[in-house]
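Fold and geometry: a report
Residues per chain are reported as follows:
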Amino acid sequence: MCTTVENESKIERELLQYGTVGFRITGNSMNPLFSNQRDAVFLKKAVPEQIKKYDIILYKSQGIYILHRVVSKKGALLIVRGDNTYTNEYLDIKDVLAVVDVYVRRDKSHSVNEVGYRFYSRFWTFVYPLRKFVRRVKIKLTRKRKKS
Amino acid sequence: MKIKDGFVLEEVGENYIAVAVSGEARGFNGVVRLNSTGAFLWNLMKDEDVSREELLEKLLEAYDVPRERALDDIIKFENTLRCGGIIA
């Protein structure tokens, strides 16, 4: 009726056995959507042909689990980026472990099909060049201030 | 019996999964998997402190199961939750 499983290393086993998994967020690379240790996600095992642009996917890079967003899809190649990171990662679609289906933000559950979320994911990806520019300007200003 | 504050239960695909996000539950770093009966009981215990007898009555109202078996299931469920530190 109920099984409890300690997390982390068992994510893949859970996905294999049940096709679903859930865990609390670690890290801030998906800010402002997810915050470290505050929010959580529920994922479904990935079906490669169903993965779309804007999906938040789970994959492994050098043994570490990463939860980032698909910002571009070209055939089997995915370009992936955290909502709070400024570098692209390139990934084969076959390496995607799972896709976020439901997330909990500030103790409230949301489906990825909600209008608000869909708007956010598209808007945030669309304004990436602007965000990147603003960040560069900020860094330059900070450096100048330090010099003077 | 009451589920500690901070757990969130969701139906994902054909499963019910609960994880700990905040409050008292934060010490729990795993996944709780439930079937539909488990999820039914979980929801009864989520917001209020209910007794074993209350759970039994509600379960018998909702499901067509013999009393003995229902009670057995509730006790097993209770033990799992207690052992996982999900109820106090």
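To continue, consider a negative patch on the surface. Side chains of B:Asp47, B:Glu48, B:Asp49, B:Glu53 and B:Glu54 sit close together on the surface and give a patch of like negative charge. Inspection of the secondary structure puts B:Asp47 in helix α1 (residues 36-47).

Next up on the list: the interface of chain B and chain A. Opposite the 28 residues of chain B that make contact, chain A presents 26 residues. Carbon and sulfur atoms supply 57% of the area buried between chain B and chain A, which totals about 2300 Å² over both sides. It is B:Val12, B:Val31 and B:Arg33 that lose the most area in chain B upon contact with chain A, and together they represent 28% of the buried surface on that side. Taken together, the links from chain B to chain A amount to one salt bridge. Across the pair A:Glu14 and B:Arg33 runs a salt bridge, and its minimum N-O distance is 2.8 Å. The interface formed by chain B and chain A includes nine residue pairs in polar contact (both at pLDDT 80 or more). Looking at the side of chain B that touches chain A, the elements with two or more residues in it are β1 (7-12), β2 (15-20), β3 (30-34), α1 and α3 (67-83) of chain B. Looking at the side of chain B that touches chain A residue by residue, the classes come out as 15 nonpolar, nine polar and four charged.

Residues and elements named next belong to chain A. In this structure the tally under the stated criterion is eight aromatic pairs over all chains. Arranged with centres 6.2 Å apart and planes meeting at 25 degrees, the rings of Tyr86 and Tyr128 form a pair that is stacked. Note that Tyr86 is positioned in the loop between β6 (77-81) and β7 (89-92) and Tyr128 in helix α3 (residues 128-147), a separation of 42 residues in sequence. For Tyr86, a relative accessible area of 21% gives the class partly exposed. Tyr128 sits in the buried class, given a relative accessible area of 9%. Among the aromatic residues, those joined into a cluster by ring pairs are Phe34, Tyr103 and Tyr117.

With that out of the way, let us pick up helix α2 (residues 52-62) of chain B. Residue and element names in this part refer to chain B. Within α2, the full set of buried residues consists of Leu55, Leu56 and Leu59. Taken around the axis of α2, the buried residues stretch over an arc of 100 degrees, which confines them to a single face. Set apart from the buried face of α2 by more than 90 degrees, the exposed residues are Glu53 and Glu61. In this structure, the buried residues of α2 make contact with α1 and α3.

Regions with low pLDDT carry predicted coordinates that are not meant to be interpreted in detail. Residue and element names in this part refer to chain B. Mean pLDDT for chain B: 92, with 100% of residues reaching 70 or above. The spread of mean pLDDT over the elements of chain B runs between β3, the lowest at 89, and α2, the highest at 95. Confidence metrics for the complex model read pTM 0.88 and ipTM 0.84.

Next up on the list: the side chain of A:Thr85. Residue and element names in this part refer to chain A. Relative to the assigned elements, Thr85 resides in the loop between β6 and β7. Since its relative accessible area comes to 15%, Thr85 is described here as buried. One polar contact links the side chain of Thr85 to the main-chain amide nitrogen of Gly82, over a distance of 3.0 Å. Setting aside chain neighbours within four positions, we find Thr85 in contact with Ser29, His68 and Tyr128.

Scoring rules and cut-offs
- Residues numbered from 1 in each chain as written.
- Chains lettered and ligands numbered in written order.
- Predicted model: local features only at pLDDT ≥ 70, side-chain atom pairs only at ≥ 80, totals over all residues.
- Heavy atoms only, no water.
- Patch = residues over 30% accessible without salt bridge, like charges linked within 9 Å, V, L, I, M, F, W, Y side chains within 5 Å.
- Areas by Shrake-Rupley, 256 points an atom, 1.4 Å probe, with all protein chains shown as cover.
- Salt bridge = Lys/Arg side-chain N within 4 Å of Asp/Glu carboxyl O.
- Lys, Arg positive; Asp, Glu negative; His and termini not counted.
- Charge placed at Lys NZ, Arg CZ, Asp CG, Glu CD.
- Helix = DSSP H or I, 4+ residues; strand = E, 2+ residues; numbered from the N terminus.
- Contact = heavy atoms within 4.5 Å.
- Buried area = accessible area lost by both parts, 1.4 Å probe.
- Polar contact = N/O pair within 3.5 Å; in protein donor to acceptor, adjacent residues only side chain to side chain.
- Nonpolar A, V, L, I, M, F, W, Y, C, P; charged D, E, K, R; others polar.
- Phe/Tyr/Trp six-rings, centres within 6.5 Å; stacked < 30°, edge-to-face > 60°.
- Buried < 20%, exposed > 50% of the residue type's maximum accessible area, 1.4 Å probe, protein only.
- Arc of directions from axis to C-beta.
- pLDDT = per-residue confidence, 0-100.

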